[in-house]
Amino acid sequence: MAQASSPLALGLPLCFAFAWPEGVRPGAEPAAGFPPRGRALGKSASPALHHNFWVLTGGGPRFRNRFHDHIGDYPGDMPFRHTPPESSARAARFGMKVARAEIPAGIGELLTQGGDERIWCAAATGRNRYGVGPLPASGEIWLSSSTASGVSEKAFSAVRSALVRLTPSGDGNGGQEAVFEIVRQRLHGLYGAPGCEVVLAPSGTEAELLLVALAVSLMPGPFTNIVIAPTETGSGIVRAAGGAWFLDSTSLGASVRKGDKLPGLEAVDIEVAAVEIRTEEGGRRPAGDIDAEVHGIADKALATGRSIIVHLLDTSKTGLSGFSREAARALARKWPERVLVAVDACQLRCGSDTLRRDLTEGFVTLVSGSKFAAGPPFSGALLVPEEIVARLSRSRIELAGLGCFSALTDWPARLRPVMAASLAHFTNLGLGLRWIAALDALEGYEATDATIRTAIAERFERETMLRIERTTRMAAVDGHGAGSGDRTIVPFLLLDQDGRPADMASTRRIHGRLRMPEAGPVIHIGQPVALGRSNPLRVCASASHFVDIAARHVQGEDFNSAFAPLLNDLDALFDKLDTILALHEDRG
């Protein structure tokens, strides 16, 4: 088979299509006159490139029509635009993800591919519902890592480098598969324990769906899934914990109905029990009370013959944890065949040693590259301990619903035979690229001296709290003080003229105005969270902040000078908040 030249070397628009490779879903040889109707891959494209593109996508008459539908009329000189979801859905049904645009805009579009409607960018703004675009946004301040962050120049460069290396090869899938294997190896190197495996997911919420699928294959039903503080983890987590769709679309383009069970889980009895970490007023509950409530729910369910999935929340949206590791160990040891412990570490604000110990204890661990890691939204993963991998490898999972968001290359080679019957797509390149964007910051953070990390976190919390306390229009969240939660998330309340917490509508308006280019730079902070009767916003440090400060310190700056850029960002935030609140008060 002739080898194709790189599209980059030929000077062509970047064009990728990702489907089942030859040998997995057989393709056909290209017919005379390929490519079909519509725009060609490029005027100077060689027959070898056309042939290789055909093999990469699986070929066939169905592909010819879908190729034209998706990119046939897309002019290569147009600026970035979001691919319409209906086009993505058509492409996804045939196992392909296509993006065509000039670099670097094409990279931005690829970073939004293979994700659900939460990361689709509006045509009018070029940003998703979190105010995040697919390209680096210079001049904007990002203190929003508990919600979502924009891609940095450094992360974007890492993605570009990965794409330059990803040129079509004769076997049609080697380059794509290598991307995912490298991501898994890097995640394993950061957090893995011996024998554990890494399964990728388009988001942390979809990682929960995968967790449910694993539990159903490992334990007898019926099931009780105990989730901790769902309002402080993710809006779709309760539905996902029950094995149901949490949106009306999926990451690989399927149209579904929110709340419906995944195909294959319709007859499975899964009840969801939520345990809160705060009181109705928003205060912090004692850790012992949370442990006791979880154990009470678990004991009752186990006594009636149910199996248990129980979550251990490492860090919530406001920096708190829930259900202790000690209590989780006791429950798992008492019922080893009917209890599956899952560590929700999607914020990724705990140390790597902690996660390795969790895996050694037999806890499945959920992580994300789009929170503390500050990678582009969204990317998730399950770290599966050795004992569970061994049990899974002796089974077969046949749940058709998984194929709507999980692709074969998301899974390690050891578990692919287990999943093959459930998966309809070979790969989801956008997911792999989003993880590549996140991993540099995570690796840099883990390479930073622990003493420096502690100093940065303490200084960040202290400086943020000082600025909150200087004004009468803001207040710390009840129960959050120095060292009382994760130091990299500082929640605070906006107060009305009478000193009462602002309502959700007012808080959202002010949060939105921070993201507007008025009264100062565009500033991103964590969106409001409903906590009882209050709706705090959140100021967050990310792994990138730690890496940048540590790098300046290593290069010879004293700690205060190295920290100064982050201090300037905090000043800009609270100055802009003061201005917006004054205008808000004047307008009544």
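Throughout this document, residue positions are counted from 1 along each chain, in the order its sequence is written. Restriction of local features to residues with pLDDT of at least 70 applies here, the model being predicted, together with a cutoff of 80 or more for giving and counting side-chain atom pairs; totals for whole chains, interfaces and linings are based on all residues. Hydrogen atoms and water are omitted, and side-chain values are computed over all heavy atoms in the structure.

Novice: In this structure, what is going on with the overall build of the protein chain? I would like to understand it.
Specialist: Helix and strand counts for the protein chain come out as 18 helices and 14 strands. In this scheme, a residue with accessible area under 20% of its type's maximum is buried, one over 50% is exposed, and one in between is partly exposed, where area comes from a 1.4 Å probe on protein chains only. When each of the 588 residues of the protein chain is scored for burial, the buried share is 60%. Contacts are residue-level and defined by heavy atoms, with any inter-residue pair within 4.5 Å sufficient. Long-range contacts, defined here as pairs at least 24 residues apart, represent 71% of the contacts in the protein chain between residues at least 6 apart. The protein chains shown are the only cover counted for residues, whose accessible areas, like all others here, come from Shrake-Rupley with a 1.4 Å probe. In the form shown here, the protein chain has an accessible surface area of approximately 22200 Å², with 51% of it arising from carbon and sulfur atoms. In this text, helices come from DSSP runs of H or I with a minimum length of four residues, and strands from runs of E with a minimum of two, each type numbered from the N-terminal end.

Novice: Can you walk me through unusual backbone geometry in this structure?
Specialist: The general pattern is negative phi for most residues beyond glycine and trans for most peptide bonds. The peptide bond linking Gly221 to Pro222 adopts the cis configuration, its omega dihedral lying at 0°. Considering the arrangement of structural elements, one finds Pro222 in the loop between helix H7 (204-218) and strand E5 (223-228). Of note, the bond from Pro377 into Phe378 is cis; its omega dihedral lies within 30 degrees of zero at -10°. Here Ala229, not a glycine, exhibits a phi torsion of approximately 50°, which is positive. Position of Ala229 relative to the elements: it lies in the loop between E5 and helix H8 (237-241). The phi dihedral of Phe323 falls on the positive side, at around 70°, and the residue is not glycine. With respect to the secondary-structure elements, Phe323 resides in the loop between strand E7 (307-313) and helix H10 (325-334).

Novice: Help me out: how do you make sense of the pairing of strand E8 (residues 339-345) in this one?
Specialist: The two faces of the sheet receive side chains in turn, since in a regular strand these alternate between them. The buried count for E8 comes to 7 of 7 residues, which makes it a mostly enclosed element. As paired strands, E7 and E8 are joined by 6 bridges and run parallel to one another. In the sheet register, Ile309 faces E8, and the bridge partner there is Leu340. For crossovers, right-handed means that the path from the first strand over the helix to the second runs clockwise, given strands pointing away from the viewer. On the question of chirality, the crossover connecting E7 to the parallel E8 by way of H10 is right-handed. Strands were regarded as paired on the criterion that DSSP finds at least two bridges between them. Taken together, the 4 bridges between E8 and strand E9 (residues 364-368) define a ladder with parallel strand orientation. Bridging from a neighbouring strand, Ala342 pairs with Val364 of E9. Handedness of the crossover joining E8 and E9 through helix H11 (residues 352-360): right-handed.

Novice: Explanation requested: the packing of aromatic side chains in the structure shown.
Specialist: For Phe, Tyr and Trp, where Trp contributes only its six-membered ring, two rings pair if their centres lie within 6.5 Å, and the inter-plane angle classes them as stacked under 30 degrees, edge-to-face over 60, or tilted in between. Tallying each qualifying case throughout the model produces 7 aromatic pairs. For the pair Tyr130 and Phe378, a centre-to-centre distance of 5.6 Å together with 90° between the ring planes defines the contact as edge-to-face. One end of the pair, Tyr130, is in the loop between helix H4 (105-111) and strand E3 (141-143); the other, Phe378, is in the loop between E9 and strand E10 (380-384), and 248 residues separate them in sequence. When its relative accessible area of 8% is taken as the criterion, Phe378 is described as buried.

Novice: Would you mind showing me how to read the pattern of salt bridges here?
Specialist: Where charged atoms of side chains with opposite charge meet at close range, the side chains can pair. What counts as a salt bridge is simple: a side-chain nitrogen of Lys or Arg found within 4 Å of a carboxyl oxygen of Asp or Glu. For the coordinates displayed, the defined rule picks out 25 salt bridges. One salt bridge in this structure joins Asp260 and Arg257, with 3.1 Å as the shortest N-O distance. Of the residues examined, Asp260 reaches a relative accessible area of 30% and is grouped as partly exposed. A relative accessible area of 57% places Arg257 in the exposed class. Residue Asp269 pairs with Arg306 through a salt bridge whose shortest N-O separation is 3.0 Å. Taken as a pair, Asp269 in the loop between H8 and strand E6 (270-275) and Arg306 in the loop between helix H9 (287-303) and E7 lie far apart in primary sequence, 37 residues in all.

Novice: Would you take a moment to explain the sheet that holds E8 for this structure?
Specialist: Strand pairing in a sheet takes place through backbone hydrogen bonds and is either antiparallel or parallel in direction. Strand order in the open sheet formed by 7 strands is E4-E10-E9-E8-E7-E5-E6, and the pairing between neighbours is mixed. Edge positions in the sheet fall to strand E4 (197-201) and E6, since each has one partner strand and no second. Across this sheet, the average inter-strand angle for adjacent strands is 20°, counted without regard to direction. Lines fitted to the C-alpha atoms define the axes, with helices restricted to the stretch that makes contact. Angles between their N-to-C directions range from 0 to 180 degrees. In the packing of H7 onto the sheet, the strands contacted are E4, E5, E6, E7, E8, E9 and E10, and the crossing angle to E10 comes to about 30°. Contacts from H11 reach E8, E9 and E10, with the element oriented near 145° to E9.

Novice: Please explain the sheet that holds strand E12 (residues 489-494) as it appears in this structure.
Specialist: Read from one edge of the open sheet, 3 strands run E11-E12-E14, paired in antiparallel fashion. Single-partner strands in this sheet number two, and they are strand E11 (474-476) and strand E14 (537-540). Averaged over all pairs of adjacent strands, the angle between strand axes in this sheet comes to 40°, irrespective of strand direction. Bridge count for E12 against E14 is 4 bridges, and the pairing is antiparallel. For Pro491, the partnering residue across the bridge sits in E14 and is Arg538.

Novice: Would you take a moment to explain the packing of H9 against H10 for this structure?
Specialist: Helix packing for two helices is described by the angle between their axes and how far apart those axes are. Between H9 and H10, whose axes approach to 11 Å, the crossing angle comes to 15°. If you check the angle between H9 and H10, you find them roughly parallel. The crossing of H9 and H10 is right-handed. Counted together, Asp291, His295, Ala298, Asp299 and Leu302 of H9 and Ala327, Leu331 and Lys334 of H10 form the full contact between these two elements. Between 65 and 115 degrees an angle is taken as roughly perpendicular, under 35 as roughly parallel, over 145 as roughly antiparallel, and anywhere else as oblique. Helix crossings fall into two classes, left-handed where the near helix is turned counterclockwise from the far one by less than a right angle and right-handed where it is turned clockwise.

Novice: Any chance you could explain the nonpolar core here in plain terms?
Specialist: Generally speaking, nonpolar side chains in soluble globular proteins are found buried as a group. Put simply, a nonpolar core is a bunch of buried Ala, Val, Leu, Ile, Met, Phe, Trp, Tyr and Cys residues held in one set by side-chain atoms that sit within 4.5 Å of each other. One finds Leu187, Leu200, Val310 and Trp435 to be the most contacted residues of the largest nonpolar core, which totals 64 residues. Here Val310 is in contact with Ile226, Val294, Phe323, Leu331, Val339, Leu340, Val341 and Ala342, once residues within four sequence places are set aside. Counting 45 residues, the second largest nonpolar core, distinct from the first, contains Leu214, Leu218, Val268 and Ile309.

Novice: Sorry if this is basic, but what is going on with the packing of helix H15 (residues 450-469) against helix H17 (residues 543-554) here?
Specialist: Direction vectors running N to C along H15 and H17 enclose 120°, while the axes themselves pass 10 Å from each other. The handedness of the crossing between H15 and H17 is right-handed. Of the residues in H17, those touching H15 at Ile452, Arg453, Ile456 and Ala457 are Phe546, Ile549, Ala550 and His553. Residues are grouped as follows: Ala, Val, Leu, Ile, Met, Phe, Trp, Tyr, Cys and Pro are nonpolar; Asp, Glu, Lys and Arg are charged; every other residue, Gly included, is polar. Taken together, the residues that form the contact of H15 with H17 break down as 6 nonpolar, 1 polar and 1 charged.

Novice: Explanation requested: the pairing of E10 in the structure shown.
Specialist: In terms of burial, E10 is a largely internal element, 5 of the 5 residues being buried. On E10, burial covers both faces: Gly380, Leu382 and Val384 on one face and Ala381 and Leu383 on the other are all buried. Summarising the sheet, E4 and E10 pair through 5 bridges and their orientation is antiparallel. Pairing of Val198 across the sheet is with Leu383, part of E10. Pairing geometry for E9 and E10, over 4 bridges, is antiparallel. Across the sheet, the residue bridging to Ser368 is Gly380, located in E10.

Novice: Before we go on, may I ask you to explain the confidence of the model for the protein chain in this structure?
Specialist: Predicted coordinates in regions of low pLDDT should not be interpreted in detail. Residues of the protein chain with pLDDT of at least 70 account for 79%, and the chain-wide mean is 82. You can read pLDDT as the predictor saying how much it trusts each residue, on a scale of 0 to 100. For residues 1-104, every residue scores under 50 in pLDDT, and the model assigns this stretch 188 contacts once sequence neighbours within four places are set aside.

Novice: Hey, could you run me through the side chain of Arg184 in this one?
Specialist: Topologically, Arg184 is positioned in helix H6 (residues 174-191). Those residues in contact with Arg184 that lie beyond four places of it in its chain are Val198, Leu200, Thr409, Asp410, Trp411, Pro412 and Arg416.

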